[in-house]
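Given next are the chains, with one letter for each unit.
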Amino acid sequence: MPSTECLPMTQESLETTCEVRVDLSAVRHNFRVIQEKIGSTRRALAVVKAGAYGLGLAPVARALRLAGCRHFVVAFPEEAFALRALLKDVDIYVLSGAFEGMERQFLSQNLIPVLNDEESLLRWQSVAAGAPCAIHIDTGMARTGLEPRDFERLLDLIKSLNTVCLMSHFAASDLADHPFNEIQRTRFETLCALVPSVPTCFANSCGLTLGSAFWGDFVRPGLSLYGLAPENAAEYGLRSALQVRARLIQVRTIDAGQSVGYAMTWQAQRPSRIATVAMGYADGLPRDLGNKGCMWLDGQEVPIIGRVSMDFTTLDLTDLPPAQGRVGDWVDLFYDGVTLSRQAQAAGTAPHTFLVGLGPRCARVYEG
Ligand SMILES: *Cc1c(COP(=O)(O)O)cnc(C)c1O
């Protein structure tokens, strides 16, 4: 047996060495499950910012619309224009609000700005009074939204607008027991009670697991639409809509003492069977996973060894049976919320960053 084996670099194999596989039937399923869970008196707004978290805005938005979704959230005007070109009959909320001078464009495209400060409230009132808007109240993120004292001071102005919902955002909903969740909830409810006729909009994906008291009338799931928030995937029966995988392109056996990769950060302690994967940090496999993360081959964990380089990553297959892990086999970077969370933790980052970091060389493959 030769000690090294390589993938023949035909055009076809080059095109399919790294894949982002999106299961649109899972996206439809997850939307329906979440809408069912919150009940018909509440509404789920689908968060599709950043190209539907890297899964692809157009296919994901169309799938959600097919599943009955009529309310979408994006971060910026450009994203809203792109979404409006795809879907004519849906509400589109824009988290950044309408930047100065964009109000008329928002009106003509029927977009709902999330107004975050006094100036934008005044501009909307003068240009677009009567057209729907949302208002974000900052209850603890200090990121976007009106300060509570400004919300109270501007109450008459706010009541004069066609406000379709009052929004706030959790800072720690992924930490279910954190007292800050309750602090934010109390602040939000106290302020919303000043305009009781306007629906509230509070929970993101992790907020859904905090219980209905933390939801508001509208919820704003992103990650869980894609089945990638383990906090509620199991409880709700959500399905992963995403698998990221790459092929083994070279497998070799090295001697004890040989090093692997840049800066020789890994040394074989025994004769080792190692494999090279056609995915590196240019494709969104974080460099921080070098010697820390793992990948999955047929559901079996194999450790990443050495530094991750731009195009390639190396794995230690020594503990697998020799028949497993051949050139051309696929290995997963992650395939559900649990494996994604593991990687995020190993890389010291949040699951979301993996999704939006997937590089342009990864082929997007849609099924369902
Ligand atoms: C991104 C975002 C969401 C969705 O968050 P997930 O954790 O993906 O569910 C909801 N609301 C706001 C304001 C956001 O920025």
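Above this note sits the structure.
As the structure is a computational prediction, the values presented were derived from the model and not from experiment. In every chain, residue numbers begin from 1 and rise along the written sequence. The predicted nature of this model means local features are confined to residues of pLDDT at least 70 and side-chain atom pairs, given and counted, to a pLDDT of 80 or more, with totals for whole chains, interfaces and linings taken over all residues. Values reported for side chains reflect all heavy atoms of the structure, with hydrogen atoms and water molecules removed beforehand.

**Q** Which parts of the structure should I look at to understand the packing of aromatic side chains?
**A** Where two aromatic rings form a pair, the distance of their centres and the angle of their planes describe that pair. Put simply, two rings from Phe, Tyr or Trp (the six-membered ring, in Trp's case) pair if the centres are within 6.5 Å, and we call them stacked under 30 degrees between planes, edge-to-face over 60, tilted for the rest. On inspection of all chains with the given rule, the structure shows 6 aromatic pairs. Ring centres of Tyr53 and Tyr226 lie 5.1 Å apart, and the angle between their planes is 50 degrees; this geometry places the pair in the tilted category. Of this pair, Tyr53 sits in helix 3 (residues 49-53) while Tyr226 is found in the loop between strand 11 (218-219) and helix 12 (230-236), placing the two residues 173 residues apart along the sequence. The class for Tyr53 is buried, based on a relative accessible area of 6%. To sort residues, take the accessible area from a 1.4 Å probe on protein chains only and compare it with the maximum for the residue type: under 20% means buried, over 50% means exposed, and anything in between is partly exposed. Overall, Tyr226 belongs to the buried group, its relative accessible area being 0%. Geometrically, the ring pair formed by Phe170 and Phe214 is tilted, given 6.1 Å between the ring centres and 45 degrees between the ring planes. You can see Phe170 sitting in the loop between strand 9 (162-167) and helix 10 (179-192) and its partner Phe214 sitting in the loop between helix 11 (205-208) and strand 11, a full 44 residues away along the chain. The burial state of Phe170 is the same as that of Phe214; both residues are buried. Taken together, the aromatic side chains of Phe170, Phe188, Phe202 and Phe214 make up a single cluster linked through ring pairs. Criterion for a charge above a ring: Arg CZ or Lys NZ at most 6 Å from the ring centre, at most 35 degrees from the ring normal. Positioned above the aromatic ring of Phe214 is the side chain of Arg185, whose terminal nitrogen or guanidinium carbon lies 5.2 Å from the ring centre. If you follow Arg245 out to its NZ or CZ, it ends over the ring of Trp330, 3.9 Å from the centre. To qualify as a helix, a DSSP run of H or I must reach at least 4 residues; to qualify as a strand, a run of E must reach at least 2; elements of each kind are numbered from the N terminus.

**Q** I'm lost on the side chain of Thr200 in this one. Help?
**A** Within the secondary structure, Thr200 sits in strand 10 (residues 200-201). Taking relative accessible area as the criterion, Thr200 reaches 16% and is therefore assigned buried. Here, two residues are considered to be in contact whenever any of their heavy atoms come within 4.5 Å of each other. Beyond its immediate stretch of four places on either side in the chain, Thr200 contacts Leu166, Phe188, Cys192, Gly216, Asp217 and Phe218.

**Q** Which parts of the structure should I look at to understand the side chain of Glu79?
**A** Mapped onto the elements, Glu79 comes out in helix 5 (residues 77-86). Counted charges follow a simple rule, with Lys and Arg positive, Asp and Glu negative, and His plus the chain ends left uncounted. For this analysis, a salt bridge means a side-chain nitrogen from Lys or Arg found within 4 Å of a carboxyl oxygen belonging to Asp or Glu. Buried and without a salt bridge, Glu79 has Lys49 as its closest oppositely charged side chain, separated by 8.3 Å. Among the polar contacts made by the side chain of Glu79, one reaches the main-chain amide nitrogen of Ala50 at a distance of 2.6 Å. Within the local environment of Glu79, its side chain forms a polar contact with the backbone nitrogen of Ala75, the two atoms lying 2.8 Å apart. By the criterion applied in these results, polar contacts are pairs of N or O atoms within 3.5 Å in which, for protein atoms, one can donate a hydrogen and the other can accept it, and in which residues neighboring in sequence qualify only through two side-chain atoms.

Spatial relationships are all this shows, so hold off on functional conclusions.
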